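Structural overview for review
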Amino acid sequence: MKCAICQNGETSSGFITVVLEKGETTLLFKKVPAQICENCGEEYLASDINRGLLEKANDAVKRGIDFEMLRFAA
Ligand SMILES: [Zn+2]
């Protein structure tokens with residue numbers, strides 16, 4: 001798809017690292033599938049991926065995790 005930020009680049013599929021902070025909890029997700037703009041580097045997450053990350057974050061908050069590094073699996 002065309003990048004919405006720079007309106008110039010095309011995005012391509014790749015993997016990114018996402019850091020989520022929620023209260024006292026910090027989560028680092030590796031290998032999250034995303035679309036990345038070849039021009040400006042803007043990263044786009046699909047909405048179901050985004051929802052999956054938030055669910056895992058909520059779960060970690062419930063478990064009282066301070067920091068956790070996870071490999072994302074869709
Ligand atoms: Zn761009």
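1. What about the nonpolar core?
By size, the foremost hydrophobic cluster in this structure holds 6 residues: Leu27, Phe29, Val32, Ala34, Ala57 and Ala60. Elements supplying a minimum of two residues to this core: strand E2 (25-37) and helix H1 (47-62). Ranked by the residues each element gives to this core, the list is headed by E2, at 4 residues. Residues within four places of Ala34 in sequence aside, it is in contact with Gly14, Phe15, Ile16, Glu43, Tyr44 and Leu45.

2. Some details on unusual backbone geometry
Phi is positive for Gln7, close to 55°, though the residue is something other than glycine. Of note, Gln7 is situated in the segment before strand E1 (11-22). We classify Gln7 as exposed; it has 9 C-beta atoms within 10 Å.

3. Notes on the pairing of strand E4 (residues 67-71)
Counting buried positions over the 5 residues of E4 gives 0, only a small fraction of the element. Of the pairings in the sheet, the one linking E2 to E4 comprises 5 bridges and is parallel in character. Looking across to E4, one finds that Thr26 is bridged to Phe67.

4. Some thoughts on the pairing of E2
Judged from the 11 bridges that link them, E1 and E2 form a sheet pairing that is antiparallel. Considered in E2, the bridge of Gly14 is made with Ala34. As consecutive antiparallel partners, E1 and E2 are separated by 2 residues, and within that stretch Gly23 has a phi angle of approximately 60°, a positive value. Taken together, the 2 bridges between E2 and strand E3 (residues 43-44) define a ladder with antiparallel strand orientation. Each residue of the ladder has a partner; that of Ile36, found in E3, is Glu43.

5. Overview of the environment of Ile49
Inspection of the secondary structure assignment puts Ile49 in helix H1. Separated by 16 residues in the primary sequence, Ile49 and Pro33 place their C-alpha atoms 7.8 Å from one another.

6. Looking at H1
The end-to-end C-alpha distance of H1 is 23 Å, a good match for the 22 Å that 16 residues give at a rise of 1.5 Å each. Of the residues one or two after H1, Gly64 is the one with positive phi, at around 70°.

Reading the values: rules and limits
- Residues numbered from 1 in each chain as written.
- Predicted model: local features only at pLDDT ≥ 70, side-chain atom pairs only at ≥ 80, totals over all residues.
- Core = buried A, V, L, I, M, F, W, Y, C linked by C-beta atoms within 7 Å.
- Buried ≥ 20, exposed ≤ 12 C-beta atoms within 10 Å, placed from the backbone.
- Helix = DSSP H or I, 4+ residues; strand = E, 2+ residues; numbered from the N terminus.
- Contact = placed C-beta atoms within 7 Å.
- Pairing = 2+ DSSP bridges.
- Expected span 1.5 Å × (residues − 1).

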